[in-house]
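# Chain and residue survey
In case you want the letters, here they are:
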Amino acid sequence: MSDSLFADASRRLERALKYVSLSEDTIERLKYPKSSLIVSIPVRMDDGSLRIFQGYRVRYDNTRGPSKGGVRYHPGVSLDEVQSLAFWMTFKCAVLNLPFGGAKGGITLNPKELSKLELERLSRGYVDAIADFIGPDVDIPAPDVYTNPMIMGWMMDQYNIIKRQLSPAVVTGKPVTIGGSLGRDTATAMGAFFVVQTLLPKFELNPQDTTVAVQGFGNAGAEIAELLWKAGYKVVAVSDSQGGIYAKQGLDIPSIRGFKDSNKGIKAIYCEGSVCNIIEHEILTNEQLLALDVDVLVPAALENQITEANVNDVKAKFIFEVANGPIDSAADLVLETRGIHVIPDILVNAGGVTVSYFEWVQNRSGLYWTLDEVNQRLKHKMVEETEAIWKKSQELSVSMRTAAYVYGLNRLGEAMNAKGTRDYYING
Ligand SMILES: NC(=O)c1ccc[n+]([C@@H]2O[C@H](COP(=O)([O-])OP(=O)(O)OC[C@H]3O[C@@H](n4cnc5c(N)ncnc54)[C@H](OP(=O)(O)O)[C@@H]3O)[C@@H](O)[C@H]2O)c1
Ligand SMILES: N[C@@H](CCC(=O)O)C(=O)O
């Protein structure tokens, strides 16, 4: 892929535009992020030295409500990546009909190299730098790759210290004990599971006859692997950043999670651990996992995993995008031509932000829901929007991705129209 991630992400919009009737003004506004902030974060390291980290927060659009989106800590974080992720958040929130716009944040670093105290100083420093850019009615951060509830707790606390007030709703994905929602930790995977369970029966696929490979074994990947395993799907391969394992007869996901939690990589566990030989298995690279002959492929790690370079190796019949942007736009067209069903990120992984919305609602009302209430509401939303997008894709004879963008575009267009022309910007 020669151009930027954002240019590539925008192509999905262009493909959907011919199926909607939006004004030129609306289309023009949707092509650009509302505002982007680049910050330098000085952090005192444990050895006494000072390191400066680069951080970002992009608010893509706030027409439908305060902007919403996670914060990523990863060496690959750049303005281009954060902007693309904020763009996807805008459409994701519109597709799920949440009263939010889209945003994203990130810091360029490998968090595995920092101590817990260094990470805390970094997270608090990031909030110091973006405090005037966020707020419960303005822009609300949450977890993403290599961030977690502990980091969200620090971020909320730092914001409250700066503003001298208690505002739990400024950040979602917090620990439950300080205002987090029950079910937020499993929400991304649970939402994806409801999408799988709604769509696969339409193709007469039963769990016991369906093989699955999952790339990425973190918050989203490990949980969706376990939910599918529990429902009887044959999860034959899983991987993390170091590589993966494959077993034709299916893997025991809970025991792999147990080993992974003891801080070893999936590959290391299976070739070095004491249970190395309980099942026959093969060690895989991530490239090999993506090319496995399985029914369902679940990319749940990073973007641009399937591109023009490897798209012809893909043999899965269905791809459920739990990660944001795992397929580039050129590969998307090839998959469509080959009849491979791609179920898009802006629908599949929307369970996370949906329960973030529930958390924000609970924080603001002061009334907290049971786990069962959270999951029932999540199921209702995911099934409703999946059915609607499925119907739209059938009506228009387009991919699920284009149908999802059509849905999101219509909701964004309606909201922009309802707010008026905003010509005063032009007239001064
Ligand atoms: N968390 C959410 O609420 C949420 C919601 C919606 C969408 N998402 C999206 O879901 C994806 C995963 O996020 P997450 O929250 O699950 O992150 P996470 O908990 O930090 O887990 C990331 C996983 O991906 C693995 N990984 C990293 N680089 C990889 C590579 N090059 N190849 C294969 N695996 C790799 C990591 O491996 P190691 O364990 O070895 O580090 C880890 O297992 C991201 O695209 C994120 O934007 C997340
Ligand atoms: N980072 C997640 C969750 C965002 C949120 O909960 O605000 C996503 O990509 O959807």
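Please refer to the structure higher up on the page.
First things first, this report covers the structure right here in the doc. Counting restarts for each chain: residues are numbered from 1 in the order of the written sequence. Numbering of ligands from 1 and lettering of chains from A proceed in the order in which they are written. Predicted model: local features are reported for residues with pLDDT of at least 70 only, side-chain atom pairs are reported and counted for 80 or more only, and whole-chain, interface and lining totals are derived from all residues. Hydrogens and water molecules were not included; the side-chain quantities draw on all heavy atoms of the structure.

The local shell around ligand 2 holds 14 residues, among which K68, K92, K104, D144 and S356 are the closest. Any N or O atom pair separated by 3.5 Å or less is treated as a polar contact, with the protein-specific requirement of one donor-capable and one acceptor-capable atom, and with residues adjacent in sequence counted only for side-chain atom pairs. Separating an oxygen atom of ligand 2 from a side-chain N or O atom of S356 is a distance of 2.6 Å. In these tables, accessible area is a Shrake-Rupley quantity obtained with a 1.4 Å probe, and a residue counts as shielded only by the protein chains included in the view. Considered on its own, ligand 2 offers 290 Å² of accessible surface; in the complex 95% of this is hidden by protein. Strands here mean DSSP runs of E at least two residues long; helices mean DSSP runs of H or I at least four residues long; both are numbered from the N terminus. Mapped by element, the contributors of at least two residues to the shell around ligand 2 are α3 (79–95) and α13 (351–365). We call a residue near a molecule or strand as soon as one heavy atom of that residue lies within 4 Å of the molecule or strand.

A few words on the sheet that holds strand β10 (residues 282–284). One open sheet holds the seven strands; their spatial order is β10-β9-β8-β7-β11-β12-β13, and the pairing between them is mixed. Each edge of the open sheet carries a strand with a single partner, namely β10 and β13 (341–343). For this sheet, the mean angle separating the axes of adjacent strands, direction not counted, is 20°. Here, strands pair whenever DSSP counts at least two bridges between them. Bridge analysis of strand β9 (residues 243–246) against β10 gives three bridges, and the strand direction is antiparallel. The partner of Y246 across the bridge, within β10, is E282. Angular values range over 0 to 180 degrees, each being the angle between N-to-C directions of two axes fitted as lines to C-alpha atoms, with helices fitted over their stretch in contact.

Let us now look at the environment of L297. As for its position among the elements, L297 is in strand β11 (residues 296–299). The exposure class assigned to L297 is buried, which follows from its relative accessible area of 1%. It is 16 Å that separates the C-alpha atoms of L297 and A231, two residues lying 66 residues apart in sequence. By definition, residues are in contact when any of their heavy atoms lie within 4.5 Å. Residue contacts for L297: discarding those within four places in its chain leaves A213, L289, L290, I306, A316, F318, I319 and F320. Relative accessible area decides the class of each residue, using a 1.4 Å probe on protein chains only: under 20% of the type maximum gives buried, over 50% gives exposed, and in between gives partly exposed.

Looking now at the site of ligand 1. Neighbouring ligand 1 are 25 residues; K112, D144, Y146, S241 and K260 lie closest to it. Measuring from an oxygen atom of ligand 1, one finds a backbone N or O atom of A301 at 2.9 Å. Starting from 890 Å² of accessible surface for ligand 1 in isolation, the protein chains cover 89%. Amino acids are sorted into nonpolar (Ala, Val, Leu, Ile, Met, Phe, Trp, Tyr, Cys and Pro), charged (Asp, Glu, Lys and Arg) and polar (every other residue, Gly among them). Residues belonging to the shell around ligand 1 are distributed by class as follows: ten nonpolar, nine polar and six charged.

On to the nonpolar core. We define a nonpolar core as any set of buried Ala, Val, Leu, Ile, Met, Phe, Trp, Tyr and Cys residues linked to one another through side-chain atoms lying within 4.5 Å. By size, the foremost hydrophobic cluster in this structure holds 87 residues, and its most contacted members are F87, V214, V238 and F320. In terms of residue count, α3 provides more of this core than any other element does, ten residues in total. Discounting chain neighbours no more than four positions away, the residues touching V238 are V214, F217, A225, G244, I245, L251, I253, I256, I266 and L289. Ranked by size, the runner-up nonpolar core spans 25 residues in total, among them L114, L119, I134 and V170.

A few words now on the pairing of β11. Going residue by residue along β11, you find V296 and V298 tucked away on one face and L297 and P299 tucked away on the opposite face as well. Pairing analysis gives four bridges linking strand β7 (residues 211–215) to β11, with the strands arranged parallel. When the bridges of β11 are listed, A213 appears paired with L297.

Take the pairing of strand β8 (residues 234–240) next. Of all seven residues in β8, six are buried, a share of seventy percent or more. Bridge count between β7 and β8: five bridges; the pairing is parallel. Residue pairing across strands places T211 opposite K234, the latter belonging to β8. If you view a crossover with the strands going away from you and the path from the first strand over the helix to the second runs clockwise, you call it right-handed. Crossover β7 to β8 through helix α7 (residues 219–230) is right-handed. Connecting the antiparallel pair β8 and β9 is a turn made up of two residues.

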